[in-house]
Amino acid sequence: MKNNFLDENGYYGRFGGAYVPEILQKNISELKGQYLKIMNDPKFKAELNRLLHHYVGRPTPLYYASRLSELYGTHIYLKREDLCHTGAHKLNNALGQLMLAKRMGKTRIVAETGAGQHGVGTATVCALMNMECVIYMGATDVKRQYLNVQRMRMLGAKVIPVTTGNGTLKDATNEAMRDWCCNPIDTYYIIGSVVGPDPYPDMVARFQSVISEEITKQLKKQTGREAPDYLIACVGGGSNAAGTFFKYLENEKVKLYVAEAAGFGLDYPLQSAATIHLGREGVLHGSKTMVMMDGDGQIAEAFSISAGLDYPGIGPLHAYLAETGRSKVFAITDSEAMSAALTLTQKEGIIPAIESAHALAVLDKCRFKSSDVVVITVSGRGDKDMNTFAEYFHL
Ligand SMILES: *Cc1c(COP(=O)(O)O)cnc(C)c1O
């Protein structure tokens, strides 16, 4: 099986690994020993594919955006993850991990959430499969994202507000880890992106790789070729980007562009989430990667107008792809993203999530040939961001 730059110790170059407390070593090695076996089991695959099709709504369309293409003088295709059930790509992973947890005999799920999208995805599949579900969420985020808290509660999950630190994602993550440490036998921890200790980054990338599998087939059908010239995706932790790139990682002819959230801009490091541009090597969430830090080496609070991208770290695969030059990283400011969201809305009638709008904003920073094929992943829909859009555009 292809290793996607991952070595046998769980590192992508110098990034990755599993920096977890002693008490979790056993859980991590149990997971590491089982995830590929289970994921490759034909029965597991068939059941996952059945639910991806009938429940999540896959395959999502690969849509030729003709008016956007005309505007930028090239061929632009949109991979419509915004049309997945619950409105984003997150469910691909939450569903896969929950099925895996069941296979491993686990009876209780914990997860962390920032903006609440991963919490909603996890609560959704827990309802579907009748599993006990506990979601840790920073107290500040609980206030900011109250609609998602209500969705999770209606779905039957227990939402625990975390008041330590700043009450945001990294504090919620610490609490979820602590819970897992206390309940290592019956509990499974569903991580929401290609972050965390090995084997999570690889496992989540594999569950999201359905995105690039579909792109390959759909592009072949629509254009006669399997590979585009460019793939573009936004990166918070990096799961929609990893899923988009997965099949093309070793095809050097396909250029991989990622958009990270620069907030106010690279000149304002305290109001930015551009981890690859501004971060330093550190350990976050159980893996060695690029991390936003303050002068004392403490994890810094990341800032972006988009709640799904204001994470102070980045998946180790993306740290590696950027360092080796395999990917090109664009720092997109709040205002560039908001403008790109409006352009897509008015040219194609699609309101994207603000996260996804960061990927669309890359179009303004590049020159493409008229013959190029550019595929952009629209990771989610903009309904959840309507308050922010309304305030920003005075709607
Ligand atoms: C969570 C989220 C993201 C960021 O997560 P990745 O792991 O980087 O994909 C991007 N877009 C949407 C719509 C999200 O909900």
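**Observations concerning the sheet that holds strand 4 (residues 75-80)**
At step 1: With mixed pairing, the six strands of this open sheet are ordered in space as 3-4-14-9-10-13. Looking at which strands have only one partner, the edges of the open sheet turn out to be strand 3 (62-64) and strand 13 (327-333). Direction aside, the axes of adjacent strands within the sheet are offset by 25° on average.
At step 2: As judged from the seven bridges shared by strand 10 (residues 255-263) and strand 13, these two strands associate in the parallel manner. Residue pairing across strands places Leu 256 opposite Ser 327, the latter belonging to strand 13.
At step 3: Where helix 14 (residues 334-348) meets the sheet, its contacts fall on strand 3, strand 4, strand 10 and strand 13, and the angle it forms with strand 13 comes to roughly 95°.
At step 4: Contacting strand 4, strand 9 (230-234), strand 10, strand 13 and strand 14 (373-378), helix 15 (residues 354-361) runs over the sheet at an angle of about 145° to strand 9.

**Here we look at helix 15**
At step 1: Burial runs high along helix 15: eight of the eight residues are buried.
At step 2: Buried within helix 15 are the following residues: Ile 354, Glu 355, Ser 356, Ala 357, His 358, Ala 359, Leu 360 and Ala 361.

**Considerations on the packing of helix 1 (residues 25-40) against helix 2 (residues 42-56)**
At step 1: Where helix 1 meets helix 2, the closest approach of the two axes is 5 Å, and the angle between their N-to-C directions is 70°. With respect to their mutual orientation, helix 1 and helix 2 come out roughly perpendicular. Of helix 2, the residues touching helix 1 (which contributes Ile 38, Met 39 and Asn 40) are Pro 42, Phe 44 and Lys 45.
At step 2: In terms of residue class, the contact of helix 1 with helix 2 is built from four nonpolar, one polar and one charged.

**Observations regarding the nonpolar core**
At step 1: Core analysis: the largest hydrophobic core is formed by 59 residues, its most contacted members being Leu 95, Leu 100, Tyr 188, Tyr 200 and Met 203.
At step 2: Sorting elements by how many residues they give to this core places helix 4 (residues 90-103) first, with seven residues.
At step 3: By size, the runner-up hydrophobic cluster in this structure holds 35 residues, among which are Met 338, Leu 344, Ala 357 and Leu 360.

**Some details on the side chain of Asn 240**
At step 1: Along the chain, Asn 240 falls in helix 11 (residues 239-245).
At step 2: Among the polar contacts made by the side chain of Asn 240, one reaches the main-chain carbonyl oxygen of Cys 234 at a distance of 3.2 Å.
At step 3: Setting aside residues up to four positions removed in sequence, Asn 240 forms contacts with His 89, Ile 211, Ala 233, Cys 234, Thr 377 and Ser 379.

**A word on the packing of helix 4 against helix 5 (residues 117-128)**
At step 1: With their axes 9 Å apart at the nearest point, helix 4 and helix 5 run at an angle of 45° to one another. Classed by the angle they form, the pair helix 4 and helix 5 counts as oblique. For the element pair helix 4 and helix 5, the recorded crossing hand is right-handed. Contacts between helix 4 and helix 5 involve Lys 90, Leu 91, Asn 93, Ala 94, Leu 95 and Leu 98 on the former and, on the latter, Gln 117, His 118, Gly 121, Thr 122, Thr 124, Val 125, Cys 126 and Leu 128.
At step 2: Across the contact of helix 4 with helix 5, the residue classes break down as seven nonpolar, six polar and one charged.

**Let's talk about the site of the ligand**
At step 1: By nearness alone, 18 residues border the ligand, and Lys 90, Ser 193, Gly 236, Ser 239 and Ser 379 come closest of all.
At step 2: For the ligand, an oxygen atom lies 3.2 Å from a polar atom in the backbone of Gly 237.
At step 3: Within the contact set of the ligand, a nitrogen atom lies 2.7 Å away from a side-chain nitrogen or oxygen of Ser 379.
At step 4: Protein contact buries 96% of the 390 Å² of open area that the ligand shows by itself.
At step 5: Taken together, the residues of the shell around the ligand break down into five nonpolar, 11 polar and two charged.
At step 6: Counting only domains with at least three residues in the shell around the ligand, you end up with domain 1 (11-52 + 90-203) and domain 2 (59-87 + 208-393).

**A word on the packing of aromatic side chains**
At step 1: With the rule as written, the count across this model stands at 13 aromatic pairs.
At step 2: Summarising the aromatic geometry, the rings of Tyr 64 and Tyr 77 are spaced 5.0 Å apart at their centres and angled 55° between planes, so their arrangement reads as tilted. Placement of the pair is Tyr 64 in strand 3 and Tyr 77 in strand 4, with a sequence separation of 13 residues.
At step 3: Take Tyr 64: its relative accessible area is 30%, and that puts it in the partly exposed class.

**Focus on the domain arrangement of the protein**
Much of the literature gives interface size as the accessible area that the parts lose upon coming together.
At step 1: In terms of domain boundaries, the protein breaks down into domain 1 (11-52 + 90-203) and domain 2 (59-87 + 208-393).
At step 2: The gap between the C-alpha centroids of domain 1 and domain 2 is 23 Å.
At step 3: Across the domain 1 to domain 2 interface the summed buried area is about 2800 Å²; carbon plus sulfur atoms make up 61%.
At step 4: Taking the shortest distance from any N to any O, the salt bridge between Glu 301 and Lys 170 comes out at 3.8 Å.
At step 5: In this structure, the connection of domain 1 to domain 2 is made through 11 residue pairs in polar contact (both at pLDDT 80 or more).
At step 6: Elements with a minimum of two residues in the side of domain 1 that touches domain 2: strand 2 (15-16), helix 4, helix 5 and helix 8 (169-182).

Definitions and cut-offs
- Residues numbered from 1 in each chain as written.
- Predicted model: local features only at pLDDT ≥ 70, side-chain atom pairs only at ≥ 80, totals over all residues.
- Heavy atoms only, no water.
- Pairing = 2+ DSSP bridges.
- Helix = DSSP H or I, 4+ residues; strand = E, 2+ residues; numbered from the N terminus.
- Axes fitted to C-alpha atoms, helices over the stretch in contact; angles between N-to-C directions.
- Contact = heavy atoms within 4.5 Å.
- Buried < 20%, exposed > 50% of the residue type's maximum accessible area, 1.4 Å probe, protein only.
- Parallel < 35°, antiparallel > 145°, perpendicular 65-115°, else oblique.
- Nonpolar A, V, L, I, M, F, W, Y, C, P; charged D, E, K, R; others polar.
- Core = buried A, V, L, I, M, F, W, Y, C linked by side-chain atoms within 4.5 Å.
- Polar contact = N/O pair within 3.5 Å; in protein donor to acceptor, adjacent residues only side chain to side chain.
- Left-handed = near helix turned anticlockwise from the far one by under 90°.
- Near = heavy atom within 4 Å.
- Areas by Shrake-Rupley, 256 points an atom, 1.4 Å probe, with all protein chains shown as cover.
- Domains from an automatic or database assignment.
- Phe/Tyr/Trp six-rings, centres within 6.5 Å; stacked < 30°, edge-to-face > 60°.
- Buried area = accessible area lost by both parts, 1.4 Å probe.
- Salt bridge = Lys/Arg side-chain N within 4 Å of Asp/Glu carboxyl O.

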